[in-house]
Amino acid sequence: AIGLIAALAWLNYFGVKLGGDVQVAVTAVKVALIAGIVVAGLGFGSPHAPAPVSAAPLTAAGFFAALVAALWAYDGWNNVTMVASEVRDPQRNLPRALVGGTLAVIAIYLLANAAYFRVLSPAEVGASPRVAGEMMRHILGAAGAGGVSIAAMISIFAALNGSILSGSRVPYAAARQGYFFRAIARVDEKHRTPGVSILALCTWSALLVLSGSYRQLFTYVIFASWILYGMATAAVIVLRIKRPDLPRPYRTLGYPVVPILFVLVAGVFIVSTLWDSPRESLMGIALILLGLPFYAYWSHRASATRSTSLDDMERPS
């Protein structure tokens, strides 16, 4: 895992176009492989025999606990915004990418689940840690299950490359505005990429590989991310009220109903996850709180730097 992170860091260091081209190519392969699994399940798999289903009662806590894993599968829907400064015509292309990409993923997931539940009974789906592999084992035997393992590795490769491509731009942007280590804002003169930020992000990722289980890690991420998603969406409402004069190159469809609904759902999800997974949730909060002293320091320093620059501009020559 660490070797793959290092290889993709090297790849993305050599340019956003190279990293983007790899992302497009690998994503196309991934979608084709998933389409093959869907076709196999819906077109060639034998429907499972009817069987009684013994299900636990549906509760709000159970629903939101299951939602953590589902939202992890969807997480990344917003990542294209992190490379907005490197996108042509972002006002036009970003909304298209966000909406189109999310709709495509919804369609792919629904079709895949339709295939799984056609071939496997609900009990088999619930008992299997690798549902797609189990379905293909029913259709093609061990070779089918092995093929799904290869498809899963390609999918992981694509997700990891996309995370490095987009995620490295966040510490870079913070450093450019004076809110992080100054070295992180360096741009490689030859390749025009935030090389130091890419290397720093991948070093931190490699350390995380050695800590905790996969489920623990994605619970930290989803819990913390949805706190920030809720805050970012609430900021849309706050800024509309406090700064109505600001230019707004992007429209907020359904304002204010859609942002308010989003913030409410994010709040319910956060409280439910805190209740269901207190250890992981509290560690996620702790990681955020650990950043506050550093933010206070860099914020003070950035303000002082801006004040000095204004004084120099206003001083008579």
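Refer to the preceding data block for the structure.
Here's what I pulled together on the structure shown here. Every value quoted in this text rests on a predicted model; they were computed, and no experiment measured them.

Our focus in this paragraph is the packing of helix α1 (residues 2-13) against helix α7 (residues 142-167). Here α1 crosses α7 at 50°, and the two axes come no closer than 10 Å. One finds that α1 runs oblique with respect to α7. Regarding α1 and α7, the two cross each other, and that crossing is right-handed. Residues Leu4, Ile5, Leu8, Ala9, Leu11 and Asn12 of α1 form the contact with α7, whose participating residues are Phe157, Leu160, Asn161, Ile164 and Leu165. Looking at the contact of α1 with α7 residue by residue, the class counts come to nine nonpolar, two polar and no charged.

This paragraph deals with the nonpolar core. Of all hydrophobic cores here, the largest spans 14 residues; its most connected members are Ile37, Tyr116, Leu120, Val131, Met135, Met136 and Val148. Elements supplying a minimum of two residues to this core: α2 (16-44), α4 (90-119) and α6 (131-140). With sequence-adjacent residues up to four places away left out, Val131 is seen in contact with Tyr116, Leu120 and Val125. If you look at the next biggest cluster of nonpolar residues, it comprises 12 residues, including Leu71, Phe223, Tyr229 and Phe269.

Topologically, Ser197 is positioned in helix α9 (residues 195-209). In terms of polar contacts, Ser197 uses its side chain to reach the backbone amide nitrogen of Tyr172, at 3.5 Å. When near neighbours in sequence (up to four residues on either side) are disregarded, Ser197 contacts Ser168, Pro171, Tyr172 and Ile184.

What counts, and at which threshold
Every chain begins its residue count from 1, and numbering advances along the sequence as written. Where local features are concerned, this predicted model is filtered to residues with pLDDT of at least 70; where side-chain atom pairs are given and counted, the filter is 80 or more; whole-chain, interface and lining totals use all residues. To get the side-chain values, all heavy atoms of the structure are used, and hydrogens and water are removed first. Helix axes are fitted to C-alpha atoms over the stretch in contact, other axes to C-alpha atoms as well, and angles between N-to-C directions run from 0 to 180 degrees. A run of H or I in DSSP counts as a helix once it spans at least four residues, and a run of E counts as a strand once it spans at least two, with each numbered from the N terminus. Small angles under 35 degrees read as roughly parallel and large ones over 145 as roughly antiparallel, with 65 to 115 read as roughly perpendicular and the rest as oblique. Take the far helix as your reference; a near helix turned counterclockwise from it by less than a right angle gives a left-handed crossing, and one turned clockwise gives a right-handed crossing. Only heavy atoms matter for contacts: two residues are in contact if any of them lie within 4.5 Å across the pair. Amino acids outside the nonpolar list (Ala, Val, Leu, Ile, Met, Phe, Trp, Tyr, Cys, Pro) and the charged list (Asp, Glu, Lys, Arg) are all regarded as polar, and Gly is one of them. Residues enter a nonpolar core if they are buried and are Ala, Val, Leu, Ile, Met, Phe, Trp, Tyr or Cys, with the set joined through side-chain atoms within 4.5 Å. Relative accessibility under 20% of the residue-type maximum defines a buried residue, over 50% an exposed one, and the middle range a partly exposed one, all with a 1.4 Å probe and only protein chains included. Polar contact criterion, stated in full: a pair of N or O atoms within 3.5 Å, where within protein one must be able to donate a hydrogen and the other to accept it, and residues adjacent in sequence count only if both atoms are side-chain atoms.

Purely geometric numbers; function is a separate question.
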